[in-house]
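Observations on chain architecture
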Amino acid sequence: MRDRSMAGGGARGSRAGGAKRGAASSSASSAAAASACVYYATTALLVALCVSGAYFLTSTSSAAAAADGDAATVTAYRHTTRSSFAYEVTRERAAPAPPRGVEARDTPAAAKAVGAEEEPRPDDLSAVAEVAALDDPHARPHEERVLDEAAGVEEEHRVSAAGLEDVKGEDGGHVAAGDDEAASARGGEEEEEKEREAAVLEESSREQREQEQEPQLEMPHERARAAFAAVEEKNLDGGIEEESNAGQRQREEEQSALEEQQAAAGNQLRREAQEDPQADGGDEGTEEEQRGREQPQGEEETRSSSVSGSSGDADGVDGDKPAVSESEHTRGADGNASQDDGLSVEDSLVAEDRAEEQKAWATQADESHRETDRREEGGENDGNGAENGGGEEHEWRVCNVKAGADYIPCLDNEKAIKKLRPENFRRYEHRERHCPDEGPTCLVALPSGYRRPIEWPKSRDRVWYSNVPHTKLVEVKGHQNWVKVSGQYLTFPGGGTQFIHGALHYIDFLQQSVRAIAWGKHTRVVLDVGCGVASFGGYLFERDVVTMSFAPKDEHEAQVQMALERGIPAISAVMGSKRLPFPRKSFDLVHCARCRVPWHADGGALLLELNRVLRPGGFFVWSATPVYQKLTEDVEIWKAMTSLTKSLCWELTSIKKDRLNGVGVAFYRKPTTNECYEARKRQQPPMCADDDDANAAWYIRLNSCVHRVPTGPWERGARWPAEWPRRVRTPPYWLNGSQAGVYGKTAPEDFTVDHDHWRRVVDGSYLNGLGIDWSRVRNVMDMRAAYGGFAAALREKKIWVMNVVNVDAPDTLPVIFERGLLGIYHDWCESFSTYPRTYDLLHADHLFSKIKERCAVLPVVVEVDRIVRPGGSIIVRDEASAVGEVEKLLRSLHWDVRLTFSKNDEGVMYAEKSDWRPELLEEPLL
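Now for the nonpolar core. In this structure, Leu527, Trp599, Phe620 and Phe848 are the most contacted members of the largest nonpolar core, which totals 138 residues. Ranked by residues supplied to this core, first place goes to helix α30 (residues 857-867) with 7 residues. Look past the residues within four positions of Leu527 in its chain and what remains in contact with it is Met548, Phe550, Leu580, Phe582, Phe587, Leu589, Val590, His591, Leu610 and Val613. Membership of the second largest hydrophobic core comes to 20 residues, among which are Ile507, Phe509, Leu510 and Val514.

What follows is the structure, given as structure tokens:
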């Protein structure tokens, strides 16, 4: 107002005399005002354009981040060629990422939404493989991926918000000059652009890590379950211990710290994540850590679970006075921390004071080596330790051996047999295992005219003659109804030396003679010594009984081969100078029908071996001429057997005569207490020393002594197992809660989870998904069994399973027998004691990755080719590298690899054997 008044007064005072000057002044003021308006308008326009551009770019970045957050990346690796993988990426809509502040307890639901997958079509083998891989031990939890996604989205939002605040700060400022303002705006744009590029790079890195951490797919019948169940339940076939709550909290804290570090230095973190995948919350780890997460049936896991127990049951299975060390419960099968089972300090001190060799699950190799060292025998055979050369190209040749198409490397080693002395032959050592120094890499020829085996149950009565072209038993035993030739078949009337009128009548006669036998309920697992063609075991299947039949490979030509061709469990073995490959107290009943075994010789060493493997309270059924004939030789044998069985405290419960077959049978029962042993006037045979390990069975020489009967209420063998079939699914009573199982949980829980795990795998993929014609499957082998869960899952099929417990694995074979299943100890660095072409299906769960630590894979694959029938198959579950190596070898052997799948460094393969044999013949041995 003051300026305006002064201007008005001046105008009136000088109107007359200053008109010219006033006009000039007014023109100058107008020009200045116009210039100022243009300046400020230009400045304002530039500022507005900068602000709008920055806001537009920021909004676009946020929208792109939100769009990316709505897509979940699913990564699958399908093995399409021998040496390469097809990499496929798909995107599916999923729930939006959780907002900041969402707690960890909400992540399972999010994980379920993120992990939603399209259900595989039954005819899609790749999808079936993903189903088969659900229970793979190296499956990643869903929670980690959800946390990674949430962290990535939150970080991007923080970057975008920071950029917006910078833009708003520029909008509120004043610039002195238009050029300076524009330069400042351009500098802000460049800084914002750099931040956006960093965010995009970080998002790309996060997505790549998510792809690598993609969790396993679900089984079709498990899709209705919440994803949280899949997170909570770890799979065990690779032996990974279920993570404790403390471990989960620790990983969550590490993830939070990682997110903060990621926000502070994105580029540096990305480089670290590439160098160390474990920093990303993954499970990959170093190569050494990866091996530590394998199924804990190897030496590393055995070392990490020390426990004290009685020297007679060093495997810890018997539960004899278990005193588990604290380290056992703070370190699981893979060496990771786990929850303590509440052991007292006193128990821990007691465990530490025990011998270092005592372990929660000792291996058969440990037991046998300790027993061998204790006896100062010095001889052992623990594999050849050959270098791994399975990945190299190999020129296949047919074996040039005397045994021809019936070649068993460890039983037909003529070079080793020639070195034996005469006294060795007297004890049948020439019929025992003598494996070559290096496993053979030649292939066994097919007999002329070989045909696919006849299906069970028809195979029990007849087989193709061309498959087992041997007639000596027909000539020698034809009148006893063992086997006959009928056209193109070998027929089996069901008779035997002691039951020429049929095995079924004989089996019923035995139970009528001693009601306590109770086939299929009380008696489930039987050992048939000198089985012949195994008709006794073949017909016991009708009574819900499984029989381990064995006989030597001797002049009774191919009797075990005939048994296996019929579909009856059998192995080639002899009772000679070494223990049978079974743990103590395994069989419910032992049967001998004219088995030609000199039980009374050598201080009764062979009968004492039966005493070792017979369960307390079990029966020895002896059907032989000394029981009912009065010839001089028979009378002498009967007197010797009577004296020997009394010194063993076996009770002669009954002697019965089968009038139809005209034979007599003696029934002996093993004692359930030690009272009789203590009351003996003459301690012959002597009691075994306290440090004699009765479970040691791998290349252990016989010892003429009596092992004591377990008396503690929680010792294995103190009570009879539950009746069949309840015993197959019931954890043995002697698996106590203070004992750690092979997977790191308590032993009873280990048993149950293993049982449920294999039930899911078998039902979800093996029975229907792999294309196996189960009507043609009869003889099955689990090459690396744990608790026998795989065999239990197949119990309702018309098959039988040989459960092989590796000598370098936790000694779980007593559990398998307790369940009413069959099993045997074996070292896969050597040949198996069976004829060629005797199994329809092999199952190898994390076998080859463990074998590579001790011997070459090539001879093991050759052994697989030897024992599988043409048209038979193998399922391999293992590390991806091991599966790839085995696949390459099988393809070179002209096997039909029907399915192979790999994910998260775990693989599944299914392959079928063809009839192919090479044309080249191996050079003869000098």
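Turning our attention to the pattern of salt bridges. Counting across every chain of the model gives 33 salt bridges. Among the salt bridges present, the one from Asp915 reaches Arg452, with a minimum N-O distance of 2.8 Å. On the criterion of sequence distance, the pair formed by Asp915 in the segment after β21 (906-912) and Arg452 in the loop between α16 (422-426) and β5 (462-464) is long-range, its members being 463 residues apart. The exposure class of Asp915 is partly exposed, given its relative accessible area of 43%. Residue Arg452 is classed as partly exposed on the basis of its relative accessible area of 35%. One salt bridge connects Glu853 with Lys850, and the closest N-O pair in it is separated by 3.5 Å. Through salt bridges with shared partners, a single ionic network connects Asp588, Arg615, Arg727 and Glu818.

Our focus in this paragraph is the pairing of strand β16 (residues 800-806). Here β16 lies mainly inside the structure; 7 of its 7 residues are buried. Burial along β16 is two-sided: the residues Trp800, Met802, Val804 and Asn806 and Val801, Asn803 and Val805 are all buried. Pairing of strand β15 (residues 779-782) with β16, which is carried by 4 bridges, proceeds in the parallel orientation. Bridge pairing links Asp782 to Asn803 in β16. Bridging between β16 and strand β17 (residues 822-826) involves 5 bridges; their strand directions are parallel. Following the sheet pairing, Met802 is matched in β17 by Leu822.

This part is about the sheet that holds strand β11 (residues 587-593). An order of β10-β9-β8-β11-β12-β14-β13 is seen for the 7 strands of this open sheet, with the pairing classed as mixed. In this open sheet, the two edge strands, each paired with only one partner strand, are β10 (570-572) and β13 (651-658). Between one strand axis and the next, the sheet turns by 20° as a mean value, whatever way the strands run. Pairing of strand β12 (residues 614-623) with strand β14 (residues 663-669) involves 4 bridges; the strand directions are antiparallel. The partner of Phe620 across the bridge, within β14, is Tyr668. Running at roughly 155° to β10, helix α20 (residues 559-566) makes contact with β9 (546-551) and β10 of the sheet. Helix α21 (residues 605-613) rests against β8 (525-529), β11 and β12 of the sheet, and its axis sits at about 135° to β12.

Here is what the cut-offs are and how they apply
Residues numbered from 1 in each chain as written. Predicted model: local features only at pLDDT ≥ 70, side-chain atom pairs only at ≥ 80, totals over all residues. Heavy atoms only, no water. Core = buried A, V, L, I, M, F, W, Y, C linked by side-chain atoms within 4.5 Å. Buried < 20%, exposed > 50% of the residue type's maximum accessible area, 1.4 Å probe, protein only. Helix = DSSP H or I, 4+ residues; strand = E, 2+ residues; numbered from the N terminus. Contact = heavy atoms within 4.5 Å. Salt bridge = Lys/Arg side-chain N within 4 Å of Asp/Glu carboxyl O. Pairing = 2+ DSSP bridges. Axes fitted to C-alpha atoms, helices over the stretch in contact; angles between N-to-C directions.

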